[in-house]
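Residues per chain, in single letters:
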2 protein chains.
Amino acid sequence: MADFELLKELITPNQSKIVLLVMDGLGGIPREPNGPTELEYAKIPNFDRLANEGNVGLHIPVRPGLTPGSGPAHLALFGYDAVQYQIGRGVLESLGIGFDLQPGDVAARGNFCTVDADGNIIDRRAGRIPTEKCVELCNKLRPSTLPGVEMFVEPVKDYRFCLILRGEGLDPRVGDTDPQRKAPPLRAQAHAPEAEPTAALFNEWIAKAREILKNEHPANALTLRGIASDPGLPRFPDVYGLRSACVAVYPMYKGVSRLVGMDVIDFDGDSPADEFATVKAFWDAYDFFFVHIKPTDSRGEDGDFVGKAKAIETVDAALPGLLELKPDVLIVTGDHSTPSVLKSHSWHPVPALLWAPGVTRRDTATAFGETECLKGALGTFPATDLMPLALAHAKRLQKFGA
Amino acid sequence: MADFELLKELITPNQSKIVLLVMDGLGGIPREPNGPTELEYAKIPNFDRLANEGNVGLHIPVRPGLTPGSGPAHLALFGYDAVQYQIGRGVLESLGIGFDLQPGDVAARGNFCTVDADGNIIDRRAGRIPTEKCVELCNKLRPSTLPGVEMFVEPVKDYRFCLILRGEGLDPRVGDTDPQRKAPPLRAQAHAPEAEPTAALFNEWIAKAREILKNEHPANALTLRGIASDPGLPRFPDVYGLRSACVAVYPMYKGVSRLVGMDVIDFDGDSPADEFATVKAFWDAYDFFFVHIKPTDSRGEDGDFVGKAKAIETVDAALPGLLELKPDVLIVTGDHSTPSVLKSHSWHPVPALLWAPGVTRRDTATAFGETECLKGALGTFPATDLMPLALAHAKRLQKFGA
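Let me sum up the structure you'll find in this document. (Residues numbered from 1 in each chain as written. Chains lettered and ligands numbered in written order. Predicted model: local features only at pLDDT ≥ 70, side-chain atom pairs only at ≥ 80, totals over all residues. Heavy atoms only, no water.)

### Structural notes on the overall build of chain A
To be explicit about the condition: Secondary structure elements are defined from DSSP: runs of H or I of at least 4 residues count as helices, runs of E of at least 2 residues count as strands, and each element is numbered from the N terminus. Buried residues are those whose accessible area, probed at 1.4 Å on protein chains only, stays under 20% of the maximum for their type, while exposed residues exceed 50% and partly exposed ones sit between those limits. Throughout, a contact is declared for two residues whenever any of their heavy atoms are within 4.5 Å. The protein chains shown are the only cover counted for residues, whose accessible areas, like all others here, come from Shrake-Rupley with a 1.4 Å probe. Residues scored as charged are limited to Lys and Arg (positive) and Asp and Glu (negative), so that His and the chain ends carry no count. In plain terms, the charge of a residue is placed at NZ if it is Lys, CZ if Arg, CG if Asp and CD if Glu.
Counting its secondary structure elements, chain A contains 15 helices and 13 strands. Evaluated residue by residue, chain A yields a buried proportion of 60% over its 402 residues. In chain A, of all internal contacts separated by at least 6 residues, the share reaching a separation of at least 24 is 74%. For chain A, the accessible surface area stands at approximately 15,800 Å², while carbon and sulfur atoms represent 49% of it. Across chain A, 42 positive and 53 negative side-chain charges occur, with their mean positions spaced 2 Å apart.

### Description of the nonpolar core
For clarity, the cut-off: For the purposes of this section, nonpolar cores are sets of buried Ala, Val, Leu, Ile, Met, Phe, Trp, Tyr and Cys residues that join through side-chain atoms within 4.5 Å.
Ranked by size, the top nonpolar core spans 66 residues in total, and within it Phe78(B), Tyr80(B), Phe236(B), Tyr240(B), Phe288(B) and Phe290(B) carry the most contacts. Looking at which element gives the most residues to this core, the answer is helix H15 (residues 386-393) of chain B, with six residues. Filtering out sequence-adjacent residues up to four positions away, Phe290(B) remains in contact with Leu20(B), Val22(B), His74(B), Phe78(B), Ala245(B), Cys246(B), Val247(B), Tyr253(B), Ser257(B) and Met262(B). Judged by nonpolar contacts, the second largest core, of 52 residues, contains Tyr80(A), Met252(A), Leu354(A) and Leu386(A).

### Points about the sheet that holds strand E1 (residues 18-23) of chain A
Residues and elements named next belong to chain A. Convention followed: The criterion for strand pairing is that DSSP finds at least two bridges linking the strands in question. Fitted lines through C-alpha atoms serve as axes, helices being fitted only where they are in contact, and the angles separating the N-to-C directions of these axes extend from 0 to 180 degrees.
Spatially, eight strands are ordered E9-E8-E10-E1-E11-E12-E2-E13 in an open sheet, and the strand pairing comes out mixed. Pairing within the sheet leaves two strands with one partner each, and these edge strands are strand E9 (263-264) and strand E13 (379-382). Strand direction decides the pairing type here: E1 and strand E11 (residues 329-333), joined by five bridges, are parallel. Across the sheet, residue Leu21 finds its bridge partner in E11, namely Val332. Contacts from helix H10 (residues 272-281) reach E1, strand E8 (244-247) and strand E10 (288-293), with the element oriented near 170° to E10.

### Re the layout of surface pockets
Residue and element names in this part refer to chain B. Here is the rule we go by: Throughout, the protein atoms alone are placed on a 1 Å grid, and a set of points is a cavity if a 1.4 Å probe fits but cannot get out or a pocket if it is open with protein on both sides within 12 Å along at least five of seven lines; lining residues have an atom within 4 Å of a point. Grid points are joined across faces, edges and corners, and a volume is the space filled by probe spheres set on the points. Residues were grouped as follows: Ala, Val, Leu, Ile, Met, Phe, Trp, Tyr, Cys and Pro as nonpolar; Asp, Glu, Lys and Arg as charged; and all remaining residues, including Gly, as polar.
Size it by volume and the second largest pocket reaches roughly 780 Å³. Arg89, Arg109, Tyr159, Arg160 and Lys294 are the residues nearest the centre of the second largest pocket, which is lined by 23 residues in total. Among the elements that line the lining of the second largest pocket, the one with the most residues is helix H5 (residues 89-96), at four residues. Within the lining of the second largest pocket, the residues separate by chemical class into seven nonpolar, five polar and eleven charged.

### Considering the packing of H5(B) against helix H9 (residues 251-259) of chain B
Residue and element names in this part refer to chain B. Our working rule: Each angle receives one of four descriptions, namely roughly parallel if under 35 degrees, roughly antiparallel if over 145, roughly perpendicular if within 65 to 115, and oblique otherwise.
Look at H5 against H9: their axes get within 7 Å of each other, and the N-to-C directions meet at 100°. In terms of orientation, H5 and H9 fall into the roughly perpendicular class. Packed against H5, whose contacting residues are Arg89, Val91, Leu92, Glu93, Leu95 and Gly96, the element H9 presents Pro251, Met252, Gly255, Val256, Arg258 and Leu259 at the interface. Along the lines of polarity and charge, the residues of the contact of H5 with H9 split into seven nonpolar, two polar and three charged.

### Details of the interface of chain B and chain A
Put simply, the rule reads: Two parts placed together each lose some accessible area under a 1.4 Å probe, and adding up what both lose gives the buried area. In the sections that follow, a salt bridge refers to a side-chain nitrogen of Lys or Arg positioned within 4 Å of a carboxyl oxygen of Asp or Glu. Whenever a nitrogen or oxygen atom comes within 3.5 Å of another N or O atom, the pair is scored as a polar contact, on the condition that within protein one atom can donate a hydrogen and the other can accept it, and that pairs from neighbouring residues in sequence are kept only if both atoms are in side chains.
With 27 residues of chain B in contact, the opposing surface of chain A contributes 35 residues. When the two sides are added together, the surface that chain B and chain A hide from each other amounts to roughly 2,300 Å², 61% of it contributed by carbon and sulfur. If you look at where chain B meets chain A, you find one salt bridge. Among the salt bridges present, the one from Arg362(B) reaches Glu40(A), with a minimum N-O distance of 2.9 Å. Applying the counting rule to chain B against chain A returns eleven residue pairs in polar contact (both at pLDDT 80 or more). Contributions of two or more residues to the side of chain B that touches chain A are made by helix H1 (4-10) and H15 of chain B. If you tally residues by element for the side of chain B that touches chain A, the top one is H15(B), at four residues.

### Some words on a nonpolar patch on the surface
Selection rule: Patches in this entry comprise residues that are over 30% relatively accessible and not in a salt bridge; like charges within 9 Å are linked, as are nonpolar side chains (Val, Leu, Ile, Met, Phe, Trp, Tyr) within 5 Å.
Nonpolar side chains collect at one region of the surface, where Val341(B), Leu342(B) and Trp347(B) lie side by side and expose about 260 Å² of accessible area between them. On the secondary structure map, Leu342(B) appears in the loop between strand E11 (329-333) and strand E12 (350-355).

### Some points on the relation of the copies chain B and chain A
What counts, and what does not: Least-squares fitting of one copy onto the other uses the C-alpha atoms of those residues that reach a pLDDT of at least 70 in both copies.
For the pair chain B and chain A, the relating rotation is 122°, the translation along its axis is 0.1 Å, and the fit reaches an RMSD of 0.2 Å. Interpreted geometrically, this transformation is the action of a three-fold axis.

### Let's talk about the packing of aromatic side chains
Under the convention used in this document: When the centres of two rings from Phe, Tyr and Trp lie within 6.5 Å, Trp using its six-membered ring, the rings pair. Their planes under 30 degrees apart give stacked, over 60 give edge-to-face, and anything left gives tilted.
Taken as a whole and assessed by the stated rule, the structure comprises 26 aromatic pairs over all chains. Ring centres of Tyr41(A) and Phe305(A) lie 5.5 Å apart, and the angle between their planes is 75°; this geometry places the pair in the edge-to-face category. Pair noted here: Tyr41(A) is in helix H2 (residues 38-41) and Phe305(A) is in helix H12 (residues 305-318), with a separation of 264 residues, a long-range link. Overall, Tyr41(A) belongs to the partly exposed group, its relative accessible area being 32%. On the basis of relative accessible area, Phe305(A) is assigned to the buried category, the value being 5%. When the ring of Phe236(B) is compared with that of Tyr240(B), the centres are 4.7 Å apart and the planes differ by 70°; the resulting orientation is edge-to-face. With a gap of four residues between them, Phe236(B) and Tyr240(B) both fall in helix H8 (residues 236-240), about one helical turn apart. We classify Phe236(B) as buried; its relative accessible area is 0%.

### Points about the packing of helix H3 (residues 45-53) of chain B against helix H12 (residues 305-318) of chain B
Residues and elements named next belong to chain B. In the contact formed by H3 and H12, the axes pass within 7 Å of each other and the chain directions differ by 70°. Accordingly, the angle class assigned to the pair H3 and H12 is roughly perpendicular. Residue-level contacts link Pro45, Asn46 and Phe47 of H3 to Ile312, Val315 and Asp316 of H12. Across the contact of H3 with H12, the residue classes tally to four nonpolar, one polar and one charged.

### What to know about the side chain of Lys294(B)
Relative to the helices and strands, Lys294(B) resides in the loop between strand E10 (288-293) and helix H11 (295-302). Excluding residues within four positions of it along the chain, Lys294(B) makes contact with Asp24(B), Tyr250(B) and Tyr253(B).

By themselves, these are just geometric observations and shouldn't be taken as functional.
Here you go:
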């Protein structure tokens, strides 16, 4: 991972601007033997030009062969070893909806679900109820309180909500209640003796909630998962000496950014052009912009090869709006691969492009794509190297040693 | 190394089959400047096709610049850091002959040798006596016992045998008795105070054995080397969740496989075709097959460039017998390099080929050879990454983090 202690001694401020443009799930694989990947299929003249002028390579998000989730994959891009710094899903979800999670809070991701007359879960997502229904159910659950702790029941999206406990002596080492099969929800189980009181609180709340929901349809029950606390990560702006902003549409990515201490910018619209316009609007206020693009991953998860390529093309088309700002360092990459052939995240190394006019060497890559990236000057490298490389190309690192 | 703890949490069983085909000492160097290596000289249409379809690269067995022995090199292929997990030669030899080594046993590799009238070793291998003679001498030595310990004297091959002590409180930290020059055999020396009693036992036995052998010719003395105990390695089948089998001809490789908990399959014949037929016969019983090919290394050690190339061609010719089984993941590599020019193991990175239809990217390598492997999508990587990559391509790893 990035050696934060070492970097701290070397960091020297300047006026440079760094942009980390992340197309979620960017990496792909061919549809047919020796065919192009989604990125290679896409018509992306702007990215190809940057690849030609700058350096390319492939990053390994967490470990060779490991398929990362979005949380760990983004931590890795930000320079944090994702095995050392693990974040629970409850925390990510809470932060993603803008909840002001405090140190010591214990957060769970909740799913409304459907149980049959025997209490067995027959739909883990309660027929994907609309968000409005989720809000209504959360409002019904809120009055149900527990002694000695403050409680927050917050809708997320569709069938998903967050439950946060706040109080003294809470311990997040409590297991999931989702049995992941047709069975009744599990009891919340403590994974350490110190977590017994917290598990008891969750179980008490679940019992009350089940009573409130029992006549609802289809959301007549719930499960809790990913129970966790803020792990207290080193703060990105301090570690790198960068006034840092996140420009993202989806809650999860805002959540990870908040967790590492970035400012999350609110803006209208959800297109790449809207995101780049937001960067422009805040250009003077920050040194570092993390810009997150979601549809690449979504189309990959859908198994939509051409749709994913089109999503990449949309970003390429909007790119001049970003380039006109003349960033000193622009990194274009993904957090992980989401090959549409696999319809899921994967372990494949992720194409990466580092463009820093006047500071990079040339390599023989002339386009932005997985196969061209094999020729790149960046080689195949751990994702956690990106931030030190960004700082270096922004001339924000002093010489190490005399 | 492979992070066993992390993998354990992510492993998910399925029906996939993984084959690790190891041509011992596969890597080579050119005979003349810019000439082909043995692998590049060999006519190997099947391997070339797999290289074209799959991904290639080069692995570093233990550390850059380190020339590994067979034991460490195989441990590395199996995902174990060979510096962290060291196995004594005595253990490897004992396991290689099928000896049922128990935890706590102390095993030594023995050499029959020839000493002159002054007691100086003048032939460290006793004129390479035939195995039958070795068996006869071991039989003569067996009645010589020691108080309080059980003893096993087991012939290996030619002038080599194993001596195993079994009993309470034995300690393997005892030095070699081979002076490696014209001098009398050394006394067995304890390298830790706790090992003094064990060293004393070895010396007592050596004295008795010398008495028994004194009138033999040429094997009138012996030396002991690589005194060691089973290091208690994590078990490969548990670490990776794979029912695992070893198909090998030579004792050493069976030994390492047993040490990590693989089943070692007995079979008739010793050709690559025989080994692939054995894989076929046990195809349903295992998820993972380690297939070991020895002649590549032997011809390299002989300095026989063309012979090594021919040995590779023999494997290529037999390969359809393996491919017809339709493995989900096939890795073809060596444990280390044995360039025939050097007539010995070497430190050079080892060509590696990962073939997993429908799951790999393309790279621009079109043949299997050291130079083409430089173009490969696998890059140059630690050998210990191979098993996590194999599991990933077999879709046996769940996502890490949400």
